[in-house]
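Summary of structural features
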Amino acid sequence: MSKFIIQGGKKLSGEIQVRGAKNAALKIIPAAILSKEAITINNLPNIEDVDKALELIKDLGGEVIRDKNSVKIVMGKINKTQLNPELANKFRASIMFVGPLLARFGEVNFPHPGGCVIGAGGRSIDLFLEGFKCLGAEIKEENNSYKIKAKKLVGCNYFFTTISVTGTEAILMTSVLAEGTTVLKNCAVEPEIKVLADYLNEQGAKITGAGTSTIIIEGVKSIGAGNFEIIPDRIETGSFAIMAAATNSELLISKCNPDHIEVLLSIFNKIGVKFERGKDYLKIFSREGNQLLKSHGIKTHEYPGFPTDLQSPYTVLMTQAAGSSLIHETIYDRRLLYVDMLLQMGADVIMCDPHRVVINGPTRLYGKKLTSPDLRAGIALIIAALIAEGKTEIDNIYQIDRGYENIDERLRLLGADIKRIGTLFNN
Ligand code: EPU
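Along each chain, the written sequence defines residue order, and numbers are assigned to residues from 1. Residue-level local features of this predicted model are given only where pLDDT is at least 70; pairs of side-chain atoms are given and counted only at 80 or more, and the full residue set underlies all totals for whole chains, interfaces and linings. Just so you know, side-chain values use all the structure's heavy atoms and leave hydrogens and water out.

**A look at the domain arrangement of the chain**
- An automatic or database domain assignment is the source of the domain bounds shown. The assigned domain composition of the chain is domain 1 (3-19 + 232-421) and domain 2 (22-229).
- Each of domain 1 and domain 2 has a C-alpha centre, and the two are 31 Å apart.
- Pairs of residues are marked as contacts when any of their non-hydrogen atoms sit within 4.5 Å. Across the contact, 22 residues belong to domain 1 and 22 residues belong to domain 2.
- Throughout, buried area stands for the accessible area (probe radius 1.4 Å) lost by two parts on being put together, summed over both. Carbon and sulfur atoms supply 50% of the area buried between domain 1 and domain 2, which totals about 1,900 Å² over both sides.
- The three residues of domain 1 that bury the most area against domain 2 are Tyr-303, Arg-402 and Glu-405, which together make up 29% of that side's buried surface.
- A pairing counts as a salt bridge when a side-chain nitrogen of Lys or Arg comes within 4 Å of a carboxyl oxygen of Asp or Glu. Connecting domain 1 to domain 2 are three salt bridges.
- Measuring nitrogen to oxygen at the nearest pair gives 3.1 Å for the salt bridge that ties Asp-49 to Arg-402.
- Within 3.5 Å is the distance limit for a polar contact, defined as a pair of N or O atoms, with the added protein rule that one can donate a hydrogen and the other accept it, and that residues adjacent in sequence qualify only through two side-chain atoms. Put simply, domain 1 and domain 2 have nine residue pairs in polar contact (both at pLDDT 80 or more) between them.
- Counting residues per element, the ones that place at least two in the side of domain 1 that touches domain 2 are helix 12 (375-387) and helix 13 (398-401). Numbered from the N terminus, helices here are DSSP runs of H or I no shorter than four residues, and strands are runs of E no shorter than two.

**A short note on the nonpolar core**
- Residues enter a nonpolar core if they are buried and are Ala, Val, Leu, Ile, Met, Phe, Trp, Tyr or Cys, with the set joined through side-chain atoms within 4.5 Å. Exposure classes here rest on a 1.4 Å probe applied to the protein chains alone. A residue is buried below 20% of its type maximum, exposed above 50%, and partly exposed in between. One finds Ile-29, Ile-41, Ile-73, Phe-110, Leu-200 and Ile-207 to be the most contacted residues of the largest nonpolar core, which totals 80 residues.
- Excluding residues within four positions of it along the chain, Ile-41 makes contact with Ile-28, Ile-29, Asn-69, Ser-70, Val-71, Ile-73, Phe-228 and Ile-230.
- If you look at the next biggest cluster of nonpolar residues, it comprises 69 residues, including Ile-242, Leu-336, Ala-347 and Ile-383.

**Thoughts on the sheet that holds strand 8 (residues 145-149)**
- Spatial ordering of the open sheet is given by 6-8-7, a layout of three strands whose pairing is antiparallel. Where the open sheet ends on each side, the last strands, each with one partner, are strand 6 (107-111) and strand 7 (138-142). Between one strand and the next, the sheet's axes are offset by a mean angle of 15°, whatever the strand orientation.
- Axis definition: a line fit to C-alpha positions, over the contact stretch in the case of helices; interaxial angles, taken between N-to-C directions, run 0 to 180 degrees. Across the sheet, helix 4 (residues 98-105) is in contact with strand 6 and strand 8; its angle to strand 6 comes to roughly 155°. Between any two strands, at least two bridges found by DSSP are needed for them to pair.

And the structure:
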């Protein structure tokens, strides 16, 4: 199994460019199914999850012409509506293929999406199924597999009882080709949703309100395809900003959109992280005389609140701040398990319940042998290792490659002492 070996204690410096957003790529790739025409996706991150999504497209009969950071997809000659169980089982975002297949072909068979450890008992897809039903689809479930059929999809009113990013995107993509008007309420408002809707509108869809909690879709008969530029990954941006603050380094984070991490920057102002922001860059400054940061608690929240995907890196940062901070994870049940590893590294952590921990800082961290439980905890462990005394080994780094392109090479360019043992996933 591949692993990273990190020698801590080095300051970082220089520039790091942010890649395209994973969670935009994983929606625009299946959106290609909605049209027979060719779509070109630019600023595509070169990560494991994108590879899997493109494999799924090929398996359905789609044409995929890939360059390093762009891809052209043509879904003219699709030859099946069954998602390959082996592929679909590997990643949660395979659920994003279901709505577009249903919308274009009136049927789809798929296994319960796998590949995720952060939700208790496997993450539910109830909101997706309810939304498809509301649009007129019939659903049969057997042995953890689903068969969905619809003679005709008809617009409906659907209220999301839990705010869901992929749920909003899935029902949005499905209703684009339904007959009549669909009104979706209590929608997620993440920036990736707005850019998806903007692209579909450019191709002939009639969507209003994306980026607000109510989205209205007037169904159309068909839509075209064109060019899509993936927006910068706001979670990468935030992860690198936290990495700079935690290692007390001066870093220029370029090709990003600081507006998308407003909440983190507001907290930086309160805790003493100095930065400068422009339209497409963020510069984090180091603190003179190793001045301590102030502690500050967070409660994860849907956008524009504090993103659950930055909770683990931020928790590591709080181990270096003076005072106590309450970290409250409200979105997922199993996203605080990694704090056990921070404890092993020497952090002072009080586990209150599965959703809340208190961090008392500042504490020294010490290098240990660790396993990355999931993608975001993985980058948090890298940050912890960079500030720790001594050597840290992190295995199961496949989880990190899922969402951060070539992370070791990019960090080495900033001066980090990080080695990969084993190969990069796609080499
Ligand atoms: N939920 C349900 N039923 C559903 C769908 C979701 O109960 O049918 C619950 C979830 O269990 C969770 C809550 O709703 O408790 C919110 O989850 P949401 O559906 O918003 O998450 P998601 O859409 O599955 C996306 C990102 C996640 C990110 C969350 C929250 C993608 C592919 N994934 O997931 O990204 O954490 O939104 O912002 O867009 C990551 O990148 O590491 C990651 C996990």
